[in-house]
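Read off the chains here:
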Amino acid sequence: MDEVVRIPDHPPVAEWMKETNIQGNAFRGELGEISEWAARKALWDYPVGTHQDLGEVTQRAQEIQMGLALNDMVDQGLLDMEWSEEQGEMLFSLTPGGKEWRAQNS
């Protein structure tokens, strides 16, 4: 049986929390690492006082963290982002700078 958590009052969210992981250490951006900001933001997706599957809440936090990473890459000029009406989702592609970065870091 999956672990169930009770959603507390929605916690405050602040920009500095993007720099801290859920263990209270500096956020390093490692695969699977979740920032305090993403973890708290995920709780806002559920009504206060409800019981939710921990795996589902964790998955939502990971989705939010991935969105932060992708937006950061767009801000750095490594990715282009555009909405696809046909597919009903955002599409990402490497910019020339992103392709250069990939070649240097592969």
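Please read these numbers as outputs of a predicted model, since none were measured by experiment. (Residues numbered from 1 in each chain as written. Predicted model: local features only at pLDDT ≥ 70, side-chain atom pairs only at ≥ 80, totals over all residues. Heavy atoms only, no water.)

## Focus on the nonpolar core
In this structure, Met17, Ile34, Trp37, Ala38, Ala42, Ala61, Ile64 and Leu68 together form the largest nonpolar core, which totals eight residues. Those elements giving two or more residues to this core turn out to be helix H1 (36–43) and helix H2 (54–75). Once residues lying within four places of it in the same chain are set aside, the contact partners of alanine 42 are Val57, Arg60, Ala61 and Ile64. (Core = buried A, V, L, I, M, F, W, Y, C linked by side-chain atoms within 4.5 Å. Buried < 20%, exposed > 50% of the residue type's maximum accessible area, 1.4 Å probe, protein only. Helix = DSSP H or I, 4+ residues; strand = E, 2+ residues; numbered from the N terminus. Contact = heavy atoms within 4.5 Å.)

## Digging into a nonpolar patch on the surface
A cluster of nonpolar side chains, Met81, Trp83, Met90 and Phe92, forms an exposed patch at the surface whose accessible area comes to about 370 Å². At the level of secondary structure, the elements contributing two or more residues to the nonpolar patch comprise strand E3 (79–84) and strand E4 (89–94). Within the element layout of this structure, methionine 90 appears in strand E4. Residue classification places methionine 90 among the partly exposed residues on the basis of a relative accessible area of 35%. (Patch = residues over 30% accessible without salt bridge, like charges linked within 9 Å, V, L, I, M, F, W, Y side chains within 5 Å. Areas by Shrake-Rupley, 256 points an atom, 1.4 Å probe, with all protein chains shown as cover. Salt bridge = Lys/Arg side-chain N within 4 Å of Asp/Glu carboxyl O.)

## Regarding the pairing of E4
Two strands pair when backbone bridges link them, and E3 and E4 are joined in this way by six bridges, in the antiparallel orientation. From the neighbouring strand, leucine 79 faces E4, where its bridge partner is leucine 94. Between the end of E3 and the start of E4, which pair antiparallel, lie four residues, with glycine 88 showing a positive phi angle near 70 degrees. (Pairing = 2+ DSSP bridges.)

## Considering the side chain of threonine 20
Within the fold, threonine 20 resides in the loop between strand E1 (4–6) and H1. Not counting residues within four places of it along the chain, the set of residues in contact with threonine 20 comprises Asn25, Phe27, Ser35 and Glu36.

## Describing the pattern of salt bridges
What the rule picks out here adds up to five salt bridges. One salt bridge connects glutamate 30 with arginine 28, and the closest N-O pair in it is separated by 2.9 Å. Overall, the relative accessible area of 44% leaves glutamate 30 in the partly exposed class. A relative accessible area of 52% places arginine 28 in the exposed class. Residues joined by salt bridges that share partners form a network here, namely Asp45, Arg60 and Glu63.

## So, the environment of leucine 70
Here leucine 70 shows up in helix H2. Sequence separation of leucine 70 and phenylalanine 92 is 22 residues, and the distance between their C-alpha atoms is 8.4 Å. Not counting residues within four places of it along the chain, the set of residues in contact with leucine 70 comprises Leu79 and Phe92.

Geometry only, nothing functional implied.
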